[in-house]
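Architecture at a glance
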Amino acid sequence: MNKPVMKNELPLNFEELKKAANRTSNWRERLEAVEELGQWKHEETMKLLTRIMENDTVYKVQETAFQKLKAFGEGVRLPAQKKGDLIKGATKALVRIKKSLPKGHTFEEFKEKLQKMRSDIYDTYEGEKGADFDQWLENTWASL
């Protein structure tokens, strides 16, 4: 792992990293941004990492931000993993999407429409559930 560089330096691509860290529809980009931000010990990067650690919807991203801040010697505590809806109103949105499809639609049609209409929900739960995402989504779809 790279050692943090001088405290007073910001990465040259800080604005790009900040945008990537705020991109709600792509948890992988947020994770990559956290990895890179964690190599620069600067007030701005540490503020951004703290916000991500406290508020990101994907726990893996929160954990990574926590690890980076801890490596900088910050006295931080990892927030508890959220239970229930990771995004407010997610269940309602899933119900609306299911109702918008014709009767007898397939799970694949539901999954595709969710990805198009609510990429934030799709991405967050995909990041959170990992390999279990398809099974979780199919069970959720069946129970709506």
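An account of the accompanying structure is given in this report.

What follows deals with the packing of aromatic side chains. This structure, assessed with the given rule, holds four aromatic pairs. Ring geometry for tyrosine 122 and phenylalanine 133: centres 5.0 Å apart, planes at 75 degrees, overall edge-to-face. Here tyrosine 122 is found in helix H7 (residues 119-129), whereas its partner phenylalanine 133 is found in helix H8 (residues 133-143), with eleven residues between them in sequence. Each of the two residues, tyrosine 122 as well as phenylalanine 133, counts as buried. Judged by centre distance (4.6 Å) and plane angle (5 degrees), the rings of tyrosine 125 and tryptophan 136 are stacked. In this pair, tyrosine 125 is assigned in helix H7 and tryptophan 136 in helix H8, connecting sequence segments eleven residues apart. Members of the aromatic cluster, joined through ring pairs, are Tyr122, Tyr125, Phe133 and Trp136.

A word on helix H2 (residues 27-37). Turning to H2, its buried residues are Trp27, Arg30, Leu31, Ala33, Val34 and Leu37. Within H2, the buried residues cover an arc of 160 degrees as seen down the axis, which keeps them to one side. Buried residues belonging to H2 abut helix H1 (14-21), helix H3 (43-55), helix H4 (59-71) and H7. Two to three positions downstream of the cap, the backbone nitrogen of arginine 28 sits 3.1 Å from a side-chain oxygen, assigning the N-cap of H2 to asparagine 26.

Conventions adopted
- Residues numbered from 1 in each chain as written.
- Predicted model: local features only at pLDDT ≥ 70, side-chain atom pairs only at ≥ 80, totals over all residues.
- Heavy atoms only, no water.
- Phe/Tyr/Trp six-rings, centres within 6.5 Å; stacked < 30°, edge-to-face > 60°.
- Helix = DSSP H or I, 4+ residues; strand = E, 2+ residues; numbered from the N terminus.
- Buried < 20%, exposed > 50% of the residue type's maximum accessible area, 1.4 Å probe, protein only.
- Arc of directions from axis to C-beta.
- Contact = heavy atoms within 4.5 Å.
- Polar contact = N/O pair within 3.5 Å; in protein donor to acceptor, adjacent residues only side chain to side chain.

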